[in-house]
Amino acid sequence: TETNTEDSNKVIKDLANLLKVESSTASSLNSLRNYNSANGELSLINKTELPITTAHKAALLFVDMSGFTKISTTLDVESLSDAINSYFEMIVNNITTYGGDILKFAGDAIFAEWRVDLSQKNTIDLEACVATAAICGANIVKTCSNFPIFAKKNQSSVMSRRGSSGGSANCSLNNSFAKGESEQSVLYETMTKPAKERRFQRRGSLSRIQSVTSMVAGTLNVKCGLGVGEMVGMHAGDNIFRREYLILGNPIDQVSNAECAAKLGEVFASPEALECLSKVCEIEGDWKSAVIERKPFCIAALDEHFFQYEQYGIGFDNDDLRGIDESGNVLRWCDDLDFTELEMLKKMISLYVHPVVVNDENEGSMQTKKRSSDHERHLAEAELRNVYVMFIMPLIEPNLTGDQKKDQHLFHLLNNVMNVTTRELGKMQGHLRQFIVDDKGVVLIGTFGLRGSTFPNMIAQRALPVTLSIHEALKDELGVESMVGGTFGRVYCGVVGGSKRHEYAALGPSVNLAARLMASKTNPGVLVDKNVRMLTSQIFFKPLPPVNAKGYDDPVPIFVPVQGNEPRWGNAKNNFVGRSNEIKQIMHIAKKIISERGASKFVFISATSGTGKSSMLVQATERVRAMMKMIKKRVIVTRNISNEGDTRVPFSLFRVIFKDLLLRAKLDDDNPLTGRRTSRGSMSLVDSSDEFSIDDHWDQLSIKSHSTNESTMSTEVTRFRYICKEMNASPEFIDIVGKKLLGLRDKSVDSVTANASSLNLKAIVDFMAGGFIRCTRNSDIILLALDDVQWMDEMSWKVVQAIFERGKNVLIICGSRPPSTNPLSVDSSFWASLQREYKDNHRFSEIDLNPFNILDVKEMIANSLDLKVTEVDCNFAQNVFNTSGGMPHFLSYMLDSIKRNNLTARLENGLVGLKSSTGKEKTEFESVNELLLYRLDSLDASVRSVLHLAAVMGTEFELLDAALAYEGVFCVKETEKLEAAMALRDSLDLAVQEGIIEELFVGGEENNDDEEVLEEDYDHGASLGDVYFALTGRKSHPLYADNRRYRFTHDSWRTSILSCMLHERRCDLHEHIAIALESYCADESEQENNIERQIRILKHWTSSGNFVRSANISLKIGGQLMLLGLNSQGIMLFDDSLSILKEQGMDSREESHGGICISILNTINVPELDRLIKLNVARGKAFSTLGMSKQSTISYQNALDILNNTICADSEDFDRSVSFPIFSGLFVVLKMGAIEQDEECTFEKHLISKFVEQARLNGDPVHYGRALAMQGETFGRLGNFEQAFQSLEKIKKIYNIKSHHAAICRAYGSDRVAQAFSHSVNWNRSLGRIDAALDTCNFIIETLLPHCDPKNVHNSFCLLYSCIVTMKDNGLAFDARRALLRFIVHPFDEHFGPGGSTFSKPLFQPILVLLDLQGNEFVEVDKIDEYTEWASDERNMPIQSESLENAWAAMAVSPSVLFGEIYYYLAKRQNKVHVRRRFIQIGISLMERTLTKTKSLPFARMYSTEKLENIKAFAKEL
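Given the structure is predicted, the values throughout are model-derived calculations rather than measurements.

Calculation notes
- Residues numbered from 1 in each chain as written.
- Predicted model: local features only at pLDDT ≥ 70, side-chain atom pairs only at ≥ 80, totals over all residues.
- Heavy atoms only, no water.
- Helix = DSSP H or I, 4+ residues; strand = E, 2+ residues; numbered from the N terminus.
- Buried < 20%, exposed > 50% of the residue type's maximum accessible area, 1.4 Å probe, protein only.
- Areas by Shrake-Rupley, 256 points an atom, 1.4 Å probe, with all protein chains shown as cover.
- Expected span 1.5 Å × (residues − 1).
- Axes fitted to C-alpha atoms, helices over the stretch in contact; angles between N-to-C directions.
- Parallel < 35°, antiparallel > 145°, perpendicular 65-115°, else oblique.
- Left-handed = near helix turned anticlockwise from the far one by under 90°.
- Contact = heavy atoms within 4.5 Å.
- Nonpolar A, V, L, I, M, F, W, Y, C, P; charged D, E, K, R; others polar.
- Salt bridge = Lys/Arg side-chain N within 4 Å of Asp/Glu carboxyl O.
- Pairing = 2+ DSSP bridges.
- Disulfide = S-S within 2.5 Å.
- Phe/Tyr/Trp six-rings, centres within 6.5 Å; stacked < 30°, edge-to-face > 60°.
- Lys NZ or Arg CZ within 6 Å of the ring centre and 35° of its normal.
- pLDDT = per-residue confidence, 0-100.
- Polar contact = N/O pair within 3.5 Å; in protein donor to acceptor, adjacent residues only side chain to side chain.

A word on the overall build of the protein. Within the protein, the secondary structure is distributed over 59 helices and 35 strands. Sorting the 1518 residues of the protein into buried and exposed places 60% on the buried side. As presented, the protein carries roughly 61000 Å² of accessible surface, and 48% of it is formed by carbon and sulfur atoms.

This is the structure we're talking about:
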């Protein structure tokens, strides 16, 4: 039909465009078509399994162009595109004119072939192909060498950052001659005659002479290499995503060697090509010697050629060999194809073409019809972009052997390499730019940042993770090692080539740099440039010396991405001495887990410092890993070393472990086979765990450190959200757990700090344990190895406990110093269970490490000094043993010093021992500490100063933090920062060489956002490859990109250094370190809420002795922790700050108040007193929240005692309102029953009287209202109701909920002034004023509650609680239920979800049930069966702690009496006698219990008595 014909014509036009774009597609498809005209079926390779290969003989010409880098830095995008493509056009036209076929564009190079096609009748022989290729090469260097590129004088010197100058500046190839000028410029006069002719030939007319008004922007050049022989064309890829056409064979090596030998403007031929060429040509020069020596030989240079082609001559006018157009041949297929077959053909060809071009063709076909030429279209589509480029070189020898089996293996391996690469790229929507075999070997090029693959945070979240995953996948799945270079920079993106043959490419300095990094001899696997390093925060980096690169003004820093923080854990050793029994014990436990596939097991290793605990842990984990690999089991090893101070950081362990595990979760889900695959290319020695013998295979285990990370396919935040969603966690987890506790940063989620109290700790612990189990579910065994757990925090221990109790196939190994001297933060009941029932059930094992014996010492000496054990002198061994005490770590120090200083010699007995101590060198030491000090004293003074700073910073520290502190300590000027930074790094490097510290590597600062890449206002003198960042604060520091982490190799080094420092010096350094860390938080606003970093700052301020600065941070961070329910951790921080003053001038004989000597109190100033009171108040609140009313009382009393005994408290500058929370806090704990009083309640009356008076004088209605509310509550509790109402009337005169509510909540946690109205409901009811009580209930519900913060559910419940009690007893149970749902339940669900928590939450469901039962007392209840079943489980009636029970009773009534009422109303509806009696017994028991606890609460006691009488009366009726 006409429509089908039109559609078919459109497809044919699309095919024509696609065939032009992919250089190799047209020629390769001709050999693969199989069209059966008899039945009209099209059978193309899209129905064939790849790879497909075809062999042929051909001459191969490699054309290498140069000069693009320079012009790319001086031309705008339109001029650059025009220059590149015009120059390529000249070369492409030369090749096609001489009958060549372009196989591949390789960046700024071309592979072209002249093939012997045996299927053609009039084909030319191989010798003629070589001659034709030689002629073509000679003509290319003649016409295209020393080719100047001109730019207009008014053109910008740098290409536009937006990618175009608007078309005003054009390349000289098209517009270098201005019209209307009669004379040539000086530039034109300097050109050679051939160059002039070429200029006019390019313009198409020699008669038109134009003058030059342009400037030279650069010169393009070319050289060629010629080879010949048999080659194989290979179609690689798949039938869905992508294909590539590869050429393999010896001619590739030939042209590579020939091109390398050639200079610009020359054509070199390989010995093989010379042999062929000599058969049909006269060759000048001593080419025969080159053939004999198998060296390339020059056959043409610029205007000269050194061979004569006898048959055709240089002109080459043979029509049979000119203008072969394979794309035309392919298009001739289309004459007999219908529309469906044409679409199939288009789809297949599209697989060979770059995705950008395919998308452009599909999306812009209608618009392209309107364009007048391909040139205009390509010019419009060319652009400059910031692109990430990765060059991947699988270490495969792509040589053909002639052995069919071996060659087929190579073909399939190459095909698999491509498919693995495209799969990994596809996961993150990256592009495969090219797959080629060239002079570098097998190379794949991938990109991110081209059209269709540009994303926010592209480098950190996609590009670098994919780079690492490709490197790992090639190794794990195919057994292929690879070298990868990754760069990020400004590149030219667009069509490269001539009008007939071209391809989509990315060119620029950063592309060249990526290729150079890939092939670098220093490349350990993956190398990246500084731009990638600066834009990535979640990968560790190891810096290498910078390299010089074309297109870059300065040497380019390069880095090795390090997957996992392996050096922090340590490396395994094959010659490890001792501990074999202990290691084998752990291996047996791991093997048992595999065989039983049951509950988790726990191994606790206890050892004193220096016993080698950490080294043994490293060795044991690697032995287990190696064993699992040998028996084909997948093991996940995740590990951590706790640091001093981690006890203060909640969930400190899982800031590391959880991030590590997040790396594998998404990958395992995307590829379920991951959990069960073994690395190809590696032989498994044993098929099952039953056949594996630990003793027999001990020496066969491959022991080396392995990264636990398998892939990083997205950011930690992305994976965390993924896990949260899968585990149905509430949105608050991302902010509270993710940001605050795990240190993740996600700007896509608004902070919900105000909601922090909604999450209970048990939910967080359960989530983390569940997340751990979820992330490791595809493994046969999980090894959780934890060292120095004596520093692990309480909440981390709780998660470890949950993993142990809930997890399957988890082996937990903990290393610790003896708990007897280093108490653990573990829950005492869990530790007791481990020691008893878990030990009895063989789930817990304890290993105590002892010092080495003399035999172990001799073996270690032998290993260290490369001796046999029998060569070690016994006295030598005994001396070392006595000095080290047999402690392996100290022993290693001694042997290292002995070896470094060459202190051993052959003795007269023929054995090796220490040299005589009479020499200059010291050969014996009385102790290890003396040895360490000796080593330290031998260092330069500048190095020792740096080590002093490092020791004060902590066991582990960052280079950048150290640099900032160093600048403060030594008053480094801005101009001297770089020099100081280099000196600091050199000193630390020397300390690393000495074995004092070890080097770790860190990523960028904790930031999930790419740095701002500036598109405008850049340095106009810089290079195309440069990317410009907005660097401020820490990011502008010279060491930012080179940042790394250091750790003392053993705590003994740090201890020795600190022991030699004066206390004042340590304090001074702590202060400078604190200032440096705080400056970082000032630069990075989100770091202000980073709990871990803030606690580090707190530690240094505390150690510096600066009480105010320490208190400020502890109050801030402690308050945040309390919001999270981490009250115990908050108390530790408060105590840290208080210790500064408590430890000063402490004398047991001196008078003290609040634990602080009176001499100190007499000297403190107003700010210090302010913080001192606030710390004690915060401490009291934390204890009160924990229900520890006695400890809370002590803290509040201390604050009051300090206030009353400090001189500056009388100062006019002192804000008395600081003291008001003391009174409020004491009143709260008094209600909790923590303070015993006399019958007249003298203490309470005095307290309230003082509070009211102080608040009245202060004049702030917030505090005065709170004081009056306290007064009214006290009068009411004492039965003085009229006085209570007087206090309420005063409140009414000063209180406005709209203006005061928020301030009161901030000061006292909830609106305790408004709650005075709730208490008045009880007062009225006690006086029998039911109507007044109900009116007050209505006022609370209609006026107060609507203006309360709905997120402060605790406050709303306190307001409504007494209303519910009164309303339900006066026929308004349904109204009370509606109010409860409206103001309590629904807001809680909306803001906090099912995982939220608040003090009143356990009462929600019981009260709703009670109101439903009481409101429907005389009618049927729909849910009666459900309520009965629910109440039958007494666990649904949450018994509050005594303190909380008393607190709720003080608000109205005890919760237990309400629970008792539920059983009363259910019993009245029960027909089953035994159920009725049981419910009555439960109800009576609950109510009777409340009587003894409400003696001092008249209304609560009255209510309990009344309800108890009702249920007893009902019981008598039965």
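Along its 14 residues, helix H57 (residues 1455–1468) runs 21 Å from first to last C-alpha, staying within 8% of the 20 Å computed at 1.5 Å per residue. Among the 14 residues of H57, 13 are classified as buried, and the element is accordingly described as predominantly covered.

Next up on the list: the packing of helix H40 (residues 1107–1123) against helix H43 (residues 1166–1185). For the pair H40 and H43, interaxial distance at closest approach is 10 Å and the crossing angle is 25 degrees. Here H40 is positioned roughly parallel relative to H43, judged by the angle of their axes. Crossing angle aside, the handedness with which H40 passes H43 is left-handed. Of the residues in H43, those touching H40 at Phe1107, Val1108, Ala1111, Asn1112, Ser1114, Leu1115 and Met1122 are Pro1167, Glu1168, Arg1171, Leu1172, Lys1174, Leu1175, Ala1178, Lys1181 and Ala1182. In terms of residue class, the contact of H40 with H43 is built from 10 nonpolar, two polar and four charged.

What follows concerns the side chain of serine 606. Its location among the elements puts serine 606 in strand S24 (residues 601–606). Discounting residues that sit within four places of it in the chain, serine 606 has contacts with Ser816, Arg817, Pro818, Pro819, Ile847, Asp848 and Leu849.

Right, let's talk about the pattern of salt bridges for a bit. Under the defined criterion, the tally for this structure stands at 55 salt bridges. Among the ionic pairs, arginine 433 bridges to glutamate 503, the shortest N-O distance being 3.1 Å. Of this pair, arginine 433 sits in strand S17 (residues 431–438) while glutamate 503 sits in strand S20 (residues 502–507), and the two are 70 residues apart along the sequence. Judged by relative accessible area, arginine 433 falls into the buried class, the value being 7%. Judged by its relative accessible area of 5%, glutamate 503 falls in the buried class. With a closest N to O distance of 2.9 Å, glutamate 622 and arginine 625 form a salt bridge. You can see glutamate 622 and its partner arginine 625 sitting in helix H22 (residues 613–630), three residues apart, about one turn around the helix. Here glutamate 622 matches arginine 625 in class, with each residue buried.

Our focus in this paragraph is helix H9 (residues 250–261). Over its 12 residues, H9 runs 17 Å from end to end, which matches the ideal 16 Å to within 8%, given 1.5 Å per residue. All of the buried residues in H9 are Pro251, Ile252, Gln254, Val255, Ser256, Ala258 and Glu259.

Before going further, it helps to spend a moment on the sheet that holds strand S25 (residues 635–641). Taken together, the five strands give an open sheet; going across it, the order is S25-S26-S27-S24-S28, and neighbouring strands pair in parallel fashion. A strand with exactly one partner marks an edge of an open sheet, and here the two such strands are S25 and strand S28 (844–848). In this sheet, neighbouring strand axes are inclined to one another by 15 degrees on average, regardless of whether the strands run parallel or antiparallel. Packing against the sheet, helix H21 (residues 580–596) makes contact with S24, strand S26 (781–787), strand S27 (810–816) and S28, and its axis sits at approximately 170 degrees to S24.

A separate point is the state of the cysteines. In the structure shown here, the tally under the stated rule is zero disulfides. Cysteine 136 carries a free sulfur, and the closest cysteine sulfur to it, the one in cysteine 224, is 7.6 Å from it. Under the relative-accessibility criterion, cysteine 136 is labelled buried at 0%. Summary of cysteine pairing: cysteine 1363 is not part of a disulfide, and the nearest cysteine sulfur, belonging to cysteine 1337, is at 3.8 Å.

For the rest of this paragraph, the subject is the packing of aromatic side chains. Taken as a whole and judged by the stated rule, the model has 29 aromatic pairs. Ring centres of tyrosine 1361 and tryptophan 1448 lie 5.7 Å apart, and the angle between their planes is 65 degrees; this geometry places the pair in the edge-to-face category. Here tyrosine 1361, found in helix H52 (residues 1353–1368), pairs with tryptophan 1448, found in helix H56 (residues 1442–1451); they are 87 residues apart in sequence, far enough to count as distant. Members of the aromatic cluster, joined through ring pairs, are Phe602, Phe604, Phe804, Phe830, Trp831, Tyr838 and Phe844. Over the face of the ring belonging to phenylalanine 455 we find arginine 462, whose NZ or CZ atom lies 3.8 Å from the ring centre.

Looking now at the confidence of the model for the protein. Mean pLDDT over the protein: 80, with 78% of residues reaching 70 or higher. For the stretch residues 155–213, pLDDT sits under 50, and the model shows 134 contacts to residues farther than four places along the chain or on other chains.

Once that is clear, we can look at the packing of H57 against helix H59 (residues 1498–1517). Contact pair H57 / H59: the axes reach a minimum separation of 10 Å and the direction vectors enclose 20 degrees. Accordingly, the angle class assigned to the pair H57 and H59 is roughly parallel. Crossing angle aside, the handedness with which H57 passes H59 is left-handed. Residues Val1457, Leu1458, Gly1460, Glu1461, Tyr1464, Ala1467 and Lys1468 of H57 form the contact with H59, whose participating residues are Tyr1503, Ser1504, Lys1507, Asn1510, Ile1511 and Phe1514. Its residues assigned to classes, the contact of H57 with H59 comprises seven nonpolar, three polar and three charged.

This brings us to unusual backbone geometry. In this model, lysine 632 sits at a positive phi of 60 degrees, which is unusual for a non-glycine residue. Among the secondary structure elements, lysine 632 is positioned in the loop between H22 and S25. Under the relative-accessibility criterion, lysine 632 is labelled partly exposed at 40%. One non-glycine residue with positive phi stands out, namely aspartate 866, at about 55 degrees. By secondary structure assignment, the location of aspartate 866 is in the loop between helix H30 (854–864) and helix H31 (874–884).

Within the secondary structure, threonine 611 is located in the loop between S24 and H22. Its relative accessible area of 1% is what places threonine 611 among the buried residues. Residues threonine 611 and asparagine 850 lie 239 residues apart in sequence; the distance between their C-alpha atoms is 6.8 Å. Residue contacts for threonine 611: discarding those within four places in its chain leaves Arg579, Leu849, Asn850, Pro851, Met887 and Pro888. At 2.6 Å, the side chain of threonine 611 forms a polar contact with the backbone oxygen of threonine 608.

Consecutive side chains of a regular strand alternate in pointing toward one face of the sheet and then the other. Of all six residues that make up S24, six are buried, and the element is covered over most of its length. Burial along S24 is two-sided: Lys601, Val603 and Ile605 and Phe602, Phe604 and Ser606, pointing in opposite directions, are all buried. The sheet contact formed by S24 and S27 spans six bridges and is parallel. Bridging across to S27, phenylalanine 604 finds its partner in cysteine 814. Pairing of S24 with S28, which is carried by five bridges, proceeds in the parallel orientation. Looking at S28, one finds that isoleucine 605 is bridged to isoleucine 847.

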